[in-house]
Amino acid sequence: MSDRTKIFLLLLPAMFIIVVLFFGGLAIGLMRSFNYMPVIGLTDPDFSAYIAVFTDREFYLSFALTFHIAFTSTVISSVLAIGAALLLRRSFIGRGMVNFLFQLNLTVPHLVGAIGMLYLFSQSGSFARLAAEFELIAGPADFPALVFDPFAIGIILQYVWKEIPFIGVIVLANMQSIGEDYESVARSLGASKWQTFRHVLLPLIFPGVLSASVMVFAFTFGAYEIPAILGANFPAALPVLAYRKYTDVDLAARPEAMAMAIVIALLSALMIYFYVRYSRRRIRG
Amino acid sequence: MSNKESLGIRSFRALTGAFLITWLILPLIPLAIWSFAKGWFYPDLLPRNWSLRAWEYAMSDTSGVLDSLWLTIWISLAATALSILVGIPAGRALGMYKFKGKEIVELMILAPTIVPGIAVVLGIHSVFISLGLNNTIHGVILVHLIPTLPYMVLVMSGIFSNYDPAFEAQARSLGASPLKTFWYVTLPAIRPGIIVGGLFAFLVSWSQYILTLLIGGGRVETLPLLLFNFATAGRNDITGAIGMIYILPGIIILLLTAKHLSGRSGAVGGFGQI
Amino acid sequence: MTHVSIKELTKVYPGADAPALDRLSLEIPTGELTALLGPSGCGKTTTMKMIAGLLEPTSGDVTFDDRSVLRDRPEDRGVVMVFQNYLLFPYMSVADNVGFGLKMRKIDPAEIKQRVGKMLELVKLPDLGDRKPSALSGGQQQRVALARALIVQPNVLLLDEPLSNLDAHLRFEMRDLIRSLQQEMGITTIFVTHDQEEAVVLADRVALILNGQMKQYDKADAFYKRPIDEATARFFGGHNFIPGTSDGQTFDCALGKLVLPEGAASGQGKLTFRPENVRIGQTQAGENVLNAQIKDIMYMGTQTRLKLTVTGTEIEAVVNPNEIEAHQVNDTLPIHLPRPTLWVI
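If you're wondering where the values come from, they're calculated on a predicted model, not measured in any experiment. (Residues numbered from 1 in each chain as written. Chains lettered and ligands numbered in written order. Predicted model: local features only at pLDDT ≥ 70, side-chain atom pairs only at ≥ 80, totals over all residues. Heavy atoms only, no water.)

Caption draft 1: Spotlight on the sheet that holds strand β13 (residues 256-259) of chain C. Spatially, 5 strands are ordered β13-β12-β11-β14-β20 (chain C) in an open sheet, and the strand pairing comes out antiparallel. For this open sheet the edge positions go to β13 and β20 (343-344) of chain C, each flanked by a neighbour on one side alone. (Pairing = 2+ DSSP bridges. Helix = DSSP H or I, 4+ residues; strand = E, 2+ residues; numbered from the N terminus.)

Caption draft 2: Representation of the confidence of the model for chain C. All names here are of chain C. Averaged over chain C, the pLDDT score is 88; the fraction of residues at 70 or greater is 99%. Across chain C, element-level confidence peaks in helix α4 (residues 109-122) with a mean pLDDT of 93 and bottoms out in helix α2 (residues 74-77) with 79. Confidence estimates for the predicted assembly give a pTM of 0.82 and an ipTM of 0.87. (pLDDT = per-residue confidence, 0-100.)

Caption draft 3: Representation of the packing of helix α7 (residues 137-161) of chain B against helix α9 (residues 178-206) of chain B in the model. Residues and elements named next belong to chain B. Two elements in contact, α7 and α9, have axes whose closest approach is 8 Å; the angle formed by their N-to-C orientations is 150°. In terms of orientation, α7 and α9 fall into the roughly antiparallel class. The chirality of how α7 crosses α9 is right-handed. The residues of α9 that touch α7, namely those facing His144, Pro147, Thr148, Tyr151, Met152, Val155, Met156, Ile159 and Phe160, are Thr186, Ala189, Ile190, Pro192, Gly193, Ile194, Val196, Gly197, Gly198, Ala201, Val204 and Ser205. Across the contact of α7 with α9, the residue classes tally to 14 nonpolar, 7 polar and no charged. (Axes fitted to C-alpha atoms, helices over the stretch in contact; angles between N-to-C directions. Parallel < 35°, antiparallel > 145°, perpendicular 65-115°, else oblique. Left-handed = near helix turned anticlockwise from the far one by under 90°. Contact = heavy atoms within 4.5 Å. Nonpolar A, V, L, I, M, F, W, Y, C, P; charged D, E, K, R; others polar.)

Caption draft 4: Structural detail: empty space enclosed by the protein. Following the criterion strictly, the structure yields 9 cavities of 30 Å³ or more and no others. Quantified by volume, the largest cavity comes out at close to 900 Å³. For the lining of the largest cavity, the secondary structure elements donating two or more residues are α4 (95-107), α7 (153-178) and α9 (193-222) of chain A together with α5 (102-114), α6 (117-131), α7, α9 and α10 (210-216) of chain B. Tallied by class, residues from the lining of the largest cavity come to 26 nonpolar, 8 polar and 3 charged. (1 Å grid on protein atoms, 1.4 Å probe; cavity = no way out; pocket = protein on both sides within 12 Å on 5 of 7 lines; lining within 4 Å. Points joined across faces, edges and corners; volume = space filled by probe spheres on them.)

Caption draft 5: Geometry of the sheet that holds strand β1 (residues 4-11) of chain C. Residues and elements named next belong to chain C. Strand order in this open sheet of 4 strands is β2-β1-β4-β5, and the pairing throughout is antiparallel. Each having just a single partner strand, β2 (21-28) and β5 (67-68) make up the two edges of the open sheet. Sheet topology places strand β4 (residues 59-64) next to β5; 2 bridges connect them, and they run antiparallel. Bridge pairing in β5 places Thr63 opposite Ser68. Relative to β1, helix α1 (residues 44-52) is tilted by about 120°, and along the sheet it contacts β1, β2 and β4.

Caption draft 6: Structural view of the interface of chain A and chain B. With 94 residues of chain A at the contact, the number on the chain B side is 98 residues. The contact between chain A and chain B buries some 8900 Å² in all, and 77% of this surface belongs to carbon and sulfur atoms. In this assembly, chain A and chain B are joined by 0 salt bridges. Across the contact surface, chain A and chain B share 10 residue pairs in polar contact (both at pLDDT 80 or more). Residue contributions to the side of chain A that touches chain B peak at 19 residues, all from helix α1 (residues 3-33) of chain A. (Buried area = accessible area lost by both parts, 1.4 Å probe. Salt bridge = Lys/Arg side-chain N within 4 Å of Asp/Glu carboxyl O. Polar contact = N/O pair within 3.5 Å; in protein donor to acceptor, adjacent residues only side chain to side chain.)

Caption draft 7: Local environment of the packing of aromatic side chains. Under the counting rule described, the total for this entry stands at 31 aromatic pairs over all chains. When the centroid spacing of 6.3 Å and the interplanar angle of 40° are considered together, the rings of Tyr182 of chain A and Phe89 of chain C count as tilted. Here the residue Tyr182 of chain A occupies a position in helix α8 (residues 181-188), and Phe89 of chain C occupies one in the loop between β6 (79-82) and α3 (94-104), the pair thus bridging two chains. For Phe89 of chain C, a relative accessible area of 0% gives the class buried. For the pair Trp194 of chain A and Phe197 of chain A, a centre-to-centre distance of 5.8 Å together with 40° between the ring planes defines the contact as tilted. (Phe/Tyr/Trp six-rings, centres within 6.5 Å; stacked < 30°, edge-to-face > 60°. Buried < 20%, exposed > 50% of the residue type's maximum accessible area, 1.4 Å probe, protein only.)

Spelled out as structure tokens, the structure:
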């Protein structure tokens, strides 16, 4: 059996699943967004769904909000994750505990964290009650709206809570495999600690940080359950809006939902492009 | 290698460490407290009355919580098992061989980790209607493969790129059949990858929401769906109990495989090279 | 132009029962090329790192021009280390790598460019400034690493196994380059190696370190002519250690009474002589002439190694293959141990 045949057979099951389920799902969604579904007799593709979506003010508000959520969460998480990884490189009291909790955090589903955030930051939540205890506020309404708010602060907080350990663990593993010798060289050539970080370490870990950030951005943009629990109703995050349209009693709203799904897919395709373009490493081999 | 660090920097590290520890545990605390509360109203910092009734309810037959737990475990195990079965050969192909079009294949396998579920599942849902897979457990397991399979392939490919096929050739030349070679030589060598990849795959399936919601149609009620419902219904005490139950398997798995998750292990090294 | 002094430098790693480095003392004169020679794990890399400030000693001191530098941070000491795997910054061009130290000192970019150009010419890589390190051969990478280190005019230059990664013919080139650069710039240079040939060929003086202790610090030939003890001699490939007694002029041992050179030690000890100094064949009777029987002949291409017995004691000799052609195993022949080649430990 030639190598080519071997490779083909090895890849076949996985590729079959991915092509049929993933790309198939995308393709069907694309077709339906154009109202094109020969199987049930719709043979005239049209743009009506897209027109409806792109003339809907709610869509733009939703898109802007979702982008803001994704961008802010990603930037904050990445920066703080690098800091956390730098911290965890050296030993200090409690380092083992932090390491353990980082890994523990990876196993806690977003939904649980989101509910926890709700209980902490809602206007009748734990922090509000603490504020009342210290007489900083008079009543629940005086506590700033951190959830169900237009700036999605609660949502961003929740994402940051989950994504710092995610990016942090990847960056830390990266740093450990790079080792400290490059920095030793830089120091001996006269670079200060900050210069060493900025000119030597940062460029070395940048590809890894970028790859992780791309994944985080895509996830925070397209997640449903967290904005569903922590988000305001209007404007809602784009995935929430899409779901609402899809499950609307009016079946005509379905193609619009598909159109929104395609918009989300296009944005993630853009992310994949950035990932491939700037990431140094591929799957090894 | 030791570095001269001033007391200032060392205390900064310890302080930041303490802050991180607190902040990492923080959201889980109110959930835990709520599960033992009997009514916890503003502005009380702690519940006035404690009770186990949320837990009793959760453990009871009528609530369906335990049924949901077993269902979720079953679905995640099934998705993980299928991912392992399919991921090992795919990982071998990507880790050990170079071929034309390999980068495209890698990209195709990577795509589901970046493209959000909502973009794909709407399309799948409309097809599954005609296939009769909606509202079924099998349908849910199938869609869970979309996010879990790529992680499995990624990890296995990393393991296989460090793997030396010469061991297999050696075994064959000593008279072992292909099956025996796989079982005695290949499998032990790739075991760390299977464990780490399986852990990730399980957790990815465990935390799926929108895929289960749409394809399961509310009939396949996994734990996250149940949790969501109770949370939005305002039953915080039961939500707390379910939440605690929901995070438990993840913690157990982590503790069991802790040694494989250290930064030096080849499997995570491969994952960290994403 | 820095005089480096190491005083009683000791390093004990936590949890280890023996010190990695035990009260090492060394005075390295200004502008010299010194080798720290020893097997793996002997403590030489530890010493280097402590000079560089990358490691803290448990006790002892390191001074540059009689000023202790232990409190100085690595980047303030003016010590540059060139690692065995060169560690060129992979994402920077060759020119940027070489200019890195100058850039960190905030020197004017135009001046950096000029100095980098000159440096690259000095190491004979004038046109490679724009290349990335991955596009260079090992030998070229090493020259870039050297250039990067020398351009900042360090007080002390540390080299980690500089010749070990190179093929034989590259070694001589690199050896000449290092020596000429070092002498031209007059930078006190210390390098670390486990290869005694590398040490002998490159250094002005060699410090042999065994088990964390310094054995002997001397010009290279001293290790061959006057090794300080058996372990030292063995490290340099010495054989032939015959126990006996010396009275300063003759050595009484199983081989007989042998005449010693002037200044030999007296008392109980071991007589040692190097295999290559054993003369065979055309020898008249005379002082230090013995009768030997050939036990084994091992042809090694450019030399032949002989195992001989003299009155029951086994000794080794290394001779030109032509000299032993006529003989075979179990032949007897006279051998001569010239007086100046004998040494008492």
